[in-house]
Amino acid sequence: MNDEIIKIPDIGSGSAEIIEICVVSGDSVSAEDSLIVLESDKASMEVPAPRDGQITEILVKVGDSVSEGDDMLRMAAAGSSEAVAVEAAPVVEEKAAPVAEAPVPVVASVPVVASVPVVAPAASSVQASSIQEVHVPDIGSENVPIIEICVAVGDEIAEEDSLVVLESDKATMEVPSPFAGVIKEICVKEGDAMSQGDLVVKMEITGGTAVPVVEVAAPTASAQAPAAPTSVVASAPQKAAPQAPAKKNLVELEKANRDFHAGPAVRKLAREFGVDLSLVKGSGPRSRILKENVQDYVKAKLSEKAKPAAVVGGAGIPPVPGQDYAKWGEIEEVALNRLRKVAARNFQRSWLNVPHVTQFDEADITELESFRKANKAMAEKKGTKLTPLPFFLKAVAYVLAEMPQFCTSLSEDGESVIYKKYINIGVAVDTPDGLLVPVLKNVDQKGIWELSRECIELAGKARDKKLKPDEMQGGCFTISSLGSIGGTAFTPIVNAPEVAILGISKAAMKPVWNGKDFDAKLMCPLSLSYDHRVINGADAARFTSMLGNLLADIRMLLL
């Protein structure tokens, strides 16, 4: 195989800085897989692979400033001695694929193979006159019935033309052809229940280069009756059909999806699936949305079991009516940033789905505070600061070990409780952009000094926007402390799917009766909110009582 130098394409600006390299030498890549990520003054953009191949050498590094035509990497063609150069399309100016003039089914399309590139359709060579079997891909469900067969024996079809249409409880989906050819045998009939791997048709594959396919606008996720196949051969003239509503929906969706960090192949896949990228959680570097994230999202939607109607996300609740606030005076409307939008959705989801109850109590932390202040100098020698939080973490971990029902989650179907054999505790951190909850792992196995250093490190990362996804996942319980700000009590919202959260308010000196007279004690208010489906009121009272005893005499933590 001959190596070919892949160059920087037209990126729409003079130069841009490389902020990420997505591949390493030896990687095999497919057309439109991301190679590098560039960042200019205006936008971040990904440079996709122009074709399938294997990376042999990377000629740039993170931090380099590059322009159109600069050498980027060397790539060997996959299975061929000739390198085919196809110019990569810049991400920032990606356009929606043209809508073919043919009826478009309003269904959630699930493609079987890699999508045709937006810039130029990829050519594929196959063995002449070979018979290939087409099987049902992974559709996320079992025994999905066929509601339509879109081809007949003898039909000549192009790659990604629809073969059959399946309909599950939640959505309608098409199974497209993975290659061009002639239908020789149809192995199914309408009404058959299909699962992954079942044989659909047998095709005779035509030799030479596959016929280019004009891409059709992505269908929406409505479960209406499907129409004709969604792909047409470019050379075959088609009669125009009115498709204004579907076209308008696609344009709106494509415009909205541009606000999210994803590459051209991912955006194209989202168009085909009819997926709103605001609903997809990215797992790539810098929370970039990957192909796998979109596919997993669609599979999850298709595999959802029918459940009784529930109040989720505000369903069934009258909306708050809009107001023209400007008629009473001057106003300013400021858009919420993405973090605050995500937090707002999470808070609403938890509040609507979890039956909240809050248990209030107080803890005597007089001796704890004296011990903490006495060891400030030792903390400085160890390069950290000794705040009350590590003591609360250690005490809460002790109670969670003694009362494991607080270290659980309710199963998705609500039929069982999942007990976690580890103790990871999230700590809510207030940042200028919104609330973040980094998670300290295995708190019960760590000492005060280690917890102190980890608390300071994670809080700093949260404020500097440097937290990694793994550092905010896996929590069993959450602590929200307002002690440094003020207040006597509050009702924190349970961080579902956890079942409880502890709120800590500002400690104050109070007179406490000792049986003979009053002693001045430093009392810390505690607010324990819990999911009443899993936790009973008596358990919550025992939790705060045990926690208060531990905080009053931290020597109990040694027992």
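Residues numbered from 1 in each chain as written. Predicted model: local features only at pLDDT ≥ 70, side-chain atom pairs only at ≥ 80, totals over all residues. Heavy atoms only, no water.

Q: Can you walk me through the overall build of the protein in this structure?
A: Counting its regular elements, the protein contains nine helices and 31 strands. Among the 559 residues that make up the protein, the fraction classed as buried is 41%. As displayed, the protein has an accessible area near 29,400 Å², and 52% of this comes from carbon and sulfur atoms. (Helix = DSSP H or I, 4+ residues; strand = E, 2+ residues; numbered from the N terminus. Buried < 20%, exposed > 50% of the residue type's maximum accessible area, 1.4 Å probe, protein only. Areas by Shrake-Rupley, 256 points an atom, 1.4 Å probe, with all protein chains shown as cover.)

Q: Whenever I open this one, the sheet that holds strand E6 (residues 53-58) confuses me. Can you help?
A: Paired through their backbone hydrogen bonds, the strands of a sheet run either parallel or antiparallel. Pairing in this open sheet of four strands is antiparallel, and the strands run E1-E8-E6-E3 from one edge to the other. In this open sheet, the two edge strands, each paired with only one partner strand, are strand E1 (3-7) and strand E3 (28-29). (Pairing = 2+ DSSP bridges.)

Q: Looking at this structure, how should I read a positive patch on the surface?
A: On the surface, Arg-338, Lys-341, Arg-345 and Arg-349 cluster together into a patch of positive charge. Among the structural elements, Arg-345 can be located in helix H4 (residues 338-353). Residue Arg-345 is classed as partly exposed on the basis of its relative accessible area, which comes to 43%. (Patch = residues over 30% accessible without salt bridge, like charges linked within 9 Å, V, L, I, M, F, W, Y side chains within 5 Å. Salt bridge = Lys/Arg side-chain N within 4 Å of Asp/Glu carboxyl O. Lys, Arg positive; Asp, Glu negative; His and termini not counted. Charge placed at Lys NZ, Arg CZ, Asp CG, Glu CD.)

Q: What is the right way to look at unusual backbone geometry in this model?
A: Negative phi values dominate among residues other than glycine, just as trans dominates among peptide bonds. In this structure, the amide linkage connecting Ala-496 to the following residue, Pro-497, adopts the cis form with an omega of 15 degrees. Inspection of the secondary structure puts Pro-497 in the loop between strand E28 (477-481) and strand E29 (500-504). With a phi angle near 55 degrees, Asn-143 is a residue other than glycine that sits in the positive phi range. Within the secondary structure, Asn-143 sits in the loop between strand E10 (130-135) and strand E11 (144-149). Notably, Asn-442 is not glycine yet its phi reads approximately 50 degrees, a positive angle. Its place among the elements puts Asn-442 in the loop between strand E27 (439-440) and helix H8 (448-463).

Q: Is there a simple way to think about the confidence of the model for the protein in this case?
A: Close inspection of predicted coordinates is inappropriate for parts of the model with low pLDDT. With 76% of its residues at a pLDDT of at least 70, the protein reaches an overall mean of 79. Note that residues 80-128 has pLDDT below 50 and, in this model, 143 contacts with residues that lie over four places away or in other chains. In this model, residues 208-248 is a region of pLDDT below 50 whose contacts with residues beyond four sequence positions or in other chains number 88 contacts. (pLDDT = per-residue confidence, 0-100. Contact = heavy atoms within 4.5 Å.)

Q: How should I be thinking about the packing of aromatic side chains in this particular structure?
A: What describes a pair of aromatic rings is the distance from one ring centre to the other and the angle between the planes of the rings. Tallied over the full model, the rule gives four aromatic pairs. Summarising the aromatic geometry, the rings of Phe-477 and Phe-543 are spaced 5.6 Å apart at their centres and angled 20 degrees between planes, so their arrangement reads as stacked. With Phe-477 in strand E28 and Phe-543 in helix H9 (residues 537-552), the pair connects residues that are 66 residues apart, well separated along the chain. Take Phe-477: its relative accessible area is 0%, and that puts it in the buried class. In this structure Phe-543 comes out as buried when scored by relative accessible area, which is 0%. Between Trp-513 and Phe-518 the ring centres are 4.9 Å apart and the planes differ by 65 degrees, which places this aromatic pair in the edge-to-face class. Looking at Phe-518, the relative accessible area reads 56%, which means it is exposed. Ring pairs connect the aromatic residues Phe-406, Phe-477 and Phe-543, which therefore count as one cluster. (Phe/Tyr/Trp six-rings, centres within 6.5 Å; stacked < 30°, edge-to-face > 60°.)

Q: Could you clarify how one ought to interpret the pairing of E29 in this entry?
A: Within a regular strand, the side chains alternate between the two sheet faces. The buried fraction of E29 amounts to five of the five residues, a majority that puts the element mostly inside the structure. Because side chains alternate across E29, one face comprises the buried residues Ala-500, Leu-502 and Ile-504, and the other comprises Ile-501 and Gly-503, equally buried. In this sheet, E29 lies alongside E28 in parallel orientation, the contact comprising four bridges. Bridge pairing in E29 links Thr-478 to Ile-501. Here E29 runs beside strand E31 (residues 518-531); their pairing, made up of five bridges, is antiparallel. Looking at E31, one finds that Ala-500 is bridged to Tyr-530.

Q: Can you walk me through the sheet that holds strand E12 (residues 156-157) in this structure?
A: If you walk across this open sheet you meet the four strands as E10-E17-E15-E12, and the pairing is antiparallel. At either end of the open sheet lies a strand with only one pairing partner, and these are E10 and E12. Looking at chain direction, E12 and strand E15 (residues 181-186) are connected through two bridges and run antiparallel. Bridged to Ile-157 within E15 is Gly-181.

Q: Sorry, what's going on with the packing of helix H7 (residues 389-402) against H8 here?
A: Axes are the key here: two packed helices are described by the angle between their axes and the distance separating the axes. It is at 9 Å that the axes of H7 and H8 come closest, and there the two elements cross at 120 degrees. Both H7 and H8 take part in a crossing whose hand is right-handed. Residues Leu-389, Pro-390, Phe-391, Leu-393 and Lys-394 of H7 lie in contact with H8, whose contacting residues are Ile-448, Leu-451, Ser-452 and Cys-455. Class assignment for the residues of the contact of H7 with H8 results in seven nonpolar, one polar and one charged. (Axes fitted to C-alpha atoms, helices over the stretch in contact; angles between N-to-C directions. Left-handed = near helix turned anticlockwise from the far one by under 90°. Nonpolar A, V, L, I, M, F, W, Y, C, P; charged D, E, K, R; others polar.)

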